[in-house]
Amino acid sequence: MIIKTKESASWLIGAVAGVCTAVAMVVAGVVWWLVLTASLLAFVAVSLFALWIIVKYVAYKLRPIYSMVLSREVHTGDVAAELAARCISEHFDDCQATANSLDVLQAAVIYANNTICAQRYSQMRCVLTAALININTGLMVVCHIGDTRLYMLKDGVLTKVTSDHSLVGPLEESGRISELEAMRHSQRNVITRSVGRETLHWGSEYIQTHTLALEPCTIMLCSDGLYDMVHSSQVTPILGDATDVQDRVERLIEAALDGGGRDNITVIVIDLKDDE
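Fair warning: this is a prediction, and the values are worked out from it, not measured in the lab.

In this section: the confidence of the model for the chain. Looking at the chain, pLDDT values average 78 and 69% of them are 70 or higher. When the criterion is pLDDT under 50, residues 1-7 qualifies, and its contacts beyond four places in sequence or with other chains add up to zero contacts. Across residues 40-65, where pLDDT falls below 50, the model places 13 contacts with residues more than four positions away in sequence or in other chains.

Turning next to the pattern of salt bridges. Under the definition given, this model contains eight salt bridges. Across the pair Asp228 and Arg188 runs a salt bridge whose closest N-O atoms are separated by 3.5 Å. A residue pair is termed long-range when its members are at least 10 positions apart, and Asp228 in the loop between helix H6 (224-227) and helix H7 (232-239) and Arg188 in the loop between helix H5 (179-184) and strand E6 (208-213) qualify at 40 residues. Assigned by exposure class, Asp228 and Arg188 land together as buried.

Turning to unusual backbone geometry, a few remarks are in order. As a rule of thumb, non-glycine residues mostly have phi less than zero, and peptide bonds are mostly trans rather than cis. A positive phi angle, close to 55°, is found at Asp155, a residue other than glycine. Relative to the assigned elements, Asp155 resides in the loop between strand E4 (149-154) and strand E5 (157-160). Classification of Asp155 by relative accessible area gives exposed; the value is 72%.

With that settled, consider the environment of Ile270. Within the secondary structure, Ile270 is located in strand E8 (residues 267-272). We classify Ile270 as partly exposed; its relative accessible area is 24%. Along the chain, Ile270 and Thr218 lie 52 residues apart, while their C-alpha atoms are 5.8 Å from each other.

Turning our attention to the pairing of E5. One ladder, built from four bridges, connects E4 with E5; its direction is antiparallel. Directly across from Met152, in E5, lies its bridge partner Thr159. The turn joining E4 and E5, which pair antiparallel and follow one another in sequence, is formed by two residues; a positive phi near 55° is taken by Asp155.

The topology assignment puts Gln208 in strand E6. Among the polar contacts made by the side chain of Gln208, one reaches the side chain of His210 at a distance of 2.6 Å. When neighbours within four sequence positions are excluded, Gln208 is seen to be in contact with Val142, Cys143, His144, Val161, Thr162, Ser163 and His165.

Before going further, it helps to examine the pairing of strand E2 (residues 126-134). Burial analysis of E2 places nine of its nine residues in the buried class, the great majority of the element. Here E2 shows a buried face lined by Cys126, Leu128, Ala130, Leu132 and Asn134 and a second buried face lined by Val127, Thr129, Ala131 and Ile133. Bridge analysis of E2 against strand E3 (residues 139-145) gives seven bridges, and the strand direction is antiparallel. The residue bridging Thr129 from the neighbouring strand is His144, located in E3. Following E2, the chain reverses through four residues before pairing antiparallel with E3; Gly138 in that reversal takes a positive phi of roughly 70°.

This part is about the packing of H7 against helix H8 (residues 245-258). Geometrically, a packed helix pair is captured by the angle between its two axes and the distance between the axes. Two numbers describe how H7 lies on H8: the axes approach to 10 Å, and their chain directions differ by 160°. Taken as axis vectors, H7 and H8 run roughly antiparallel relative to one another. Crossing of H7 over H8 shows right-handed handedness. Note on element contacts: H8 touches H7 through Arg248, Arg251 and Leu252, opposite Val235, Ile238 and Leu239.

Here the focus is the side chain of His210. If you trace the backbone, His210 turns up in strand E6. Residues within four places of His210 in sequence aside, it is in contact with Met140, Val141, Val142, Val161 and Thr162.

Thresholds applied
Residues numbered from 1 in each chain as written. Predicted model: local features only at pLDDT ≥ 70, side-chain atom pairs only at ≥ 80, totals over all residues. Heavy atoms only, no water. pLDDT = per-residue confidence, 0-100. Contact = heavy atoms within 4.5 Å. Salt bridge = Lys/Arg side-chain N within 4 Å of Asp/Glu carboxyl O. Helix = DSSP H or I, 4+ residues; strand = E, 2+ residues; numbered from the N terminus. Buried < 20%, exposed > 50% of the residue type's maximum accessible area, 1.4 Å probe, protein only. Pairing = 2+ DSSP bridges. Polar contact = N/O pair within 3.5 Å; in protein donor to acceptor, adjacent residues only side chain to side chain. Axes fitted to C-alpha atoms, helices over the stretch in contact; angles between N-to-C directions. Parallel < 35°, antiparallel > 145°, perpendicular 65-115°, else oblique. Left-handed = near helix turned anticlockwise from the far one by under 90°.

Structure follows, in structure tokens:
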């Protein structure tokens, strides 16, 4: 009886060991399959992303139209500003490079405005300044609604191209109050026009437009977070410095923060040169 018990125990131990080995092999196989699958998926994802980057780069290099869109929130504005920028970008993707630049830009802004108006939240608003540079025609066109601004720096002189749609803006532009008084005015952020306020139709004068010949200069688009905090006498030397564009943008934002930084600060700078 003792011998049979030992033989039974040995058989049982061998069987258990065999099952454990089989389970371990199955688990190892599953883990190997998961690792292989994850590696393949990662390779495919990286390859697709690299392809997307290459396609976007090639499209950017081949296309003679360059756009800049600066939008700022007003009411539920973070959503509105993002939606406006996306709508304008989508419209650009669908347009022809040979089309009239101002017509293209106005149509894009109207499309963005009416898309925002059609949203569930009727109070969703933003302001924007959009510029479209067409190398073929040698022109830059601008569409503007609200109190974001477009400046041009040429030969050391800083010029505000757009006019503010606000209560205080016209007072400053007409000379009734100084720039410093406007910066300190209690109603400086009260605007009179915004994207999403009303449905727009083609030919509407609600959108302020400008057409400028391309010439060597520096263009700056900015929100009130910059010009409410930094006087133009401080902006001019920074913008005109012969340093990298990114460096100038960072210095302008730093100056606005040093001045109080009471609002969102957005700055876009582009240098236009003879060979561009």
